[in-house]
Amino acid sequence: MKVRLFVFGGLAVLGVLAVIWFYTHFEKVPVKEWVGASGEAQRRPFLAAQRFAQRMGLGAKELHGVPELDAVPVSGVLLMPNRRQALNRERLQQLVRWAERGGHLIVEAEYTGLPDPLLDQLGVKRVEGQAASKPLRIELPQTGRTLSVFLPSGIKLALNEKDVRLRAGEQLVSFGRGRGVITVTTSLSFARNRVLGTNDHAEFLWHLLGLTPARELAVYWAPARLSLWEFLKTNAAPALAAGALLLFLWLWSIAPRFGPVAPDAPPGRRRLLDHLRASGRYYWVRGLRSRLVVAARDAALRRIARAQPDFATAPAAERAARLATLTGTTPEESQKFISAAGAMRGADFIKVTQHAQRVHSALEKGNK
């Protein structure tokens, strides 16, 4: 019994000592964990740069359409990331002329596997190189400060410009063009949301914005697809309104008028001839002309047999002669009528029916 007490007591003492040792050697500290962007920051990668510019006293906006580029003031900075293949050569020339009038154009180079007409117009060549593994040390010419900026792209820039305002190795260069400045960089990662607050990226961005007396930062990002409806609404609103009015008036003119319900016409009773005509048309369409031929022939011959009882037992030549005398036709035609049967052409069918009609007409005249 005493041995068990000593064992349990020793285990309890060891547990207490372990807890004391843990609390004396470990301390709870906060840990930062990257969870990624969400909401508006996820859709707008340069949102932090825009908010930073606004906090520093500049205006900031995003451009999502090609026509919006015309509204960028000369006293402004235009940030153009890569993936701008939607801009044609004329539009790129307008951007260069805008910079020459006093604007500041910041351009991110396209990947080496893609064409970059804007850099071609500026005389900047792209050369494939090795990606940087550590930040660059950039010395600012006006202040003498050295900033740490990370440009991860493996592209290198090559150009011949005399009026160079700022250079960061072979990955970023700012040079004068007319009364403005053009900055070409292999990567705009230092201005994107995730890394703007690291190293000296924010100070470096502010230094770039200060190369010209800028009043506004414009970011041309994710250009929206051209919409026919938006174009018509902007440029042809009166024509659309007139077309809609004409369409309404046309629909109004052809629409049925409201009023009392007109009574249905009483159903007409069809004649026996209508039923016979419909039956004959049905046989004709179905290709059953032979039945109509046999029916017309037999009806005429039965009527002759009622008027002349010995007609059915007379020889064939005598019957053809009697029929020819009755209808005023030749014996050959009468013989064809007596033997008519099977499928025949439309013209022959009409001859048979005409012959049968002559038989009925002649017998009716004889009865009178």
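What comes next is a walk through the structure. All values reported here derive from a predicted model rather than from experimental measurement.

Digging into the overall build of the chain
Tallying secondary structure elements over the chain gives 13 helices and 11 strands in all. For a compact globule of 368 residues, the expected C-alpha radius of gyration is about 21 Å, and the chain comes in at 51 Å, more than 25% above that figure. Referenced to the eigenvectors of the C-alpha coordinate spread, the extents of the chain come out at roughly 140 × 100 × 55 Å. With 368 residues in all, the chain has 32% of them scored as buried.

Describing the packing of aromatic side chains
According to the stated counting rule, one finds two aromatic pairs in the structure shown. Judged by centre distance (6.3 Å) and plane angle (85°), the ring pair of Phe 52 and Trp 206 falls under edge-to-face. On the criterion of sequence distance, the pair formed by Phe 52 in helix 3 (residues 47–55) and Trp 206 in helix 6 (residues 201–209) is long-range, its members being 154 residues apart. Given the relative accessible area of 31%, Trp 206 is considered partly exposed. With 5.3 Å between their ring centres and 75° between their planes, Phe 190 and Phe 204 make a pair best called edge-to-face. One end of the pair, Phe 190, is in the loop between strand 10 (180–185) and helix 6; the other, Phe 204, is in helix 6, and 14 residues separate them in sequence. Both residues of the pair, Phe 190 and Phe 204, belong to the buried class.

Let's talk about the packing of helix 11 (residues 316–327) against helix 12 (residues 331–338)
Running from amino to carboxyl end, helix 11 crosses helix 12 at an angle of 110°, the nearest separation of the two axes being 8 Å. Classified by the interaxial angle, the pair formed by helix 11 and helix 12 is roughly perpendicular. Considering only the axes of helix 11 and helix 12, their crossing is right-handed. The segment helix 11 lies against helix 12, with Ala 316, Arg 319, Ala 320, Leu 323, Ala 324 and Thr 327 engaging Pro 331, Ser 334, Gln 335, Phe 337 and Ile 338. When grouped by side-chain class, the residues that make up the contact of helix 11 with helix 12 number seven nonpolar, three polar and one charged.

Thresholds, definitions, all that
Residues numbered from 1 in each chain as written. Predicted model: local features only at pLDDT ≥ 70, side-chain atom pairs only at ≥ 80, totals over all residues. Heavy atoms only, no water. Helix = DSSP H or I, 4+ residues; strand = E, 2+ residues; numbered from the N terminus. Rg over C-alpha atoms; globule rule 2.2 N^0.38 Å. Buried < 20%, exposed > 50% of the residue type's maximum accessible area, 1.4 Å probe, protein only. Phe/Tyr/Trp six-rings, centres within 6.5 Å; stacked < 30°, edge-to-face > 60°. Axes fitted to C-alpha atoms, helices over the stretch in contact; angles between N-to-C directions. Parallel < 35°, antiparallel > 145°, perpendicular 65-115°, else oblique. Left-handed = near helix turned anticlockwise from the far one by under 90°. Contact = heavy atoms within 4.5 Å. Nonpolar A, V, L, I, M, F, W, Y, C, P; charged D, E, K, R; others polar.

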